[in-house]
Amino acid sequence: RTASGRVASIVIGGVSFTGSELRSLFKLRSTDFELTHADGSFTFTVHGYGHGVGLSQWGAKALAEQGQGYADILAHYFPGTQLCR
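1. A short note on the overall build of the chain
And then number 1: What the chain contains, in helices and strands, is 3 helices and 4 strands.
And then number 2: For the chain, the α and β elements follow one another from N to C terminus as β-β-α-β-β-α-α.
And then number 3: Each of the three principal axes of the chain carries a C-alpha extent, and together these read 55 × 25 × 20 Å.
And then number 4: In the chain, buried positions account for 16% of the 85 residues.
And then number 5: Contacts spanning at least 24 positions in sequence make up 20% of the contacts within the chain whose residues lie at least 6 apart.
And then number 6: Accessible area for the chain stands at about 6,500 Å²; split by element, carbon and sulfur atoms hold 55% of it.
And then number 7: Side chains of the chain give 7 positive and 6 negative charges; the mean places of these two sets differ by 8 Å.

2. Some details on the pairing of strand β4 (residues 41–46)
And then number 1: Sheet topology note: the strand β3 (residues 33–38)/β4 ladder contains 6 bridges and is antiparallel. Across the sheet, residue Thr36 finds its bridge partner in β4, namely Thr43.
And then number 2: Joining the antiparallel neighbours β3 and β4 is a turn of 2 residues, in which Asp39 adopts a positive phi near 55°.

3. Quick word on the pattern of salt bridges
And then number 1: Using the criterion set out here, one finds 2 salt bridges in the structure.
And then number 2: As a salt-bridge pair, Arg1 and Asp32 come within 3.8 Å of each other at their nearest N and O atoms. In this pair, Arg1 is assigned in the segment before β1 (9–12) and Asp32 in the loop between α1 (19–25) and β3, connecting sequence segments 31 residues apart.
And then number 3: Lys61 serves as the salt-bridge partner of Glu65, at 2.4 Å between the closest nitrogen and oxygen.

4. Points about the pairing of strand β2 (residues 15–18)
And then number 1: Across 4 bridges, the pairing between β1 and β2 is antiparallel. When the bridges of β2 are listed, Val11 appears paired with Ser16.

Rules used throughout
Residues numbered from 1 in each chain as written. Predicted model: local features only at pLDDT ≥ 70, side-chain atom pairs only at ≥ 80, totals over all residues. Heavy atoms only, no water. Helix = DSSP H or I, 4+ residues; strand = E, 2+ residues; numbered from the N terminus. Buried < 20%, exposed > 50% of the residue type's maximum accessible area, 1.4 Å probe, protein only. Contact = heavy atoms within 4.5 Å. Areas by Shrake-Rupley, 256 points an atom, 1.4 Å probe, with all protein chains shown as cover. Lys, Arg positive; Asp, Glu negative; His and termini not counted. Charge placed at Lys NZ, Arg CZ, Asp CG, Glu CD. Pairing = 2+ DSSP bridges. Salt bridge = Lys/Arg side-chain N within 4 Å of Asp/Glu carboxyl O.

Shown next as structure tokens:
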């Protein structure tokens, strides 16, 4: 898993796949998923949306609805950056 908890890579049947490859192949909504196998079936349990890199539109909307301004929202998603003119 990556630092954000998303699947970095997974081995299935001796073959290694990235989380992004499986997301694309199975049209998953996110790379934050769990894969289980039981009774001959595979099940993906997917959490959230997107690739986990950059700003979440829904997350930014929620922060704005809580009263945070654009500078605070950008600082939340891009720590260590500085706004300037």
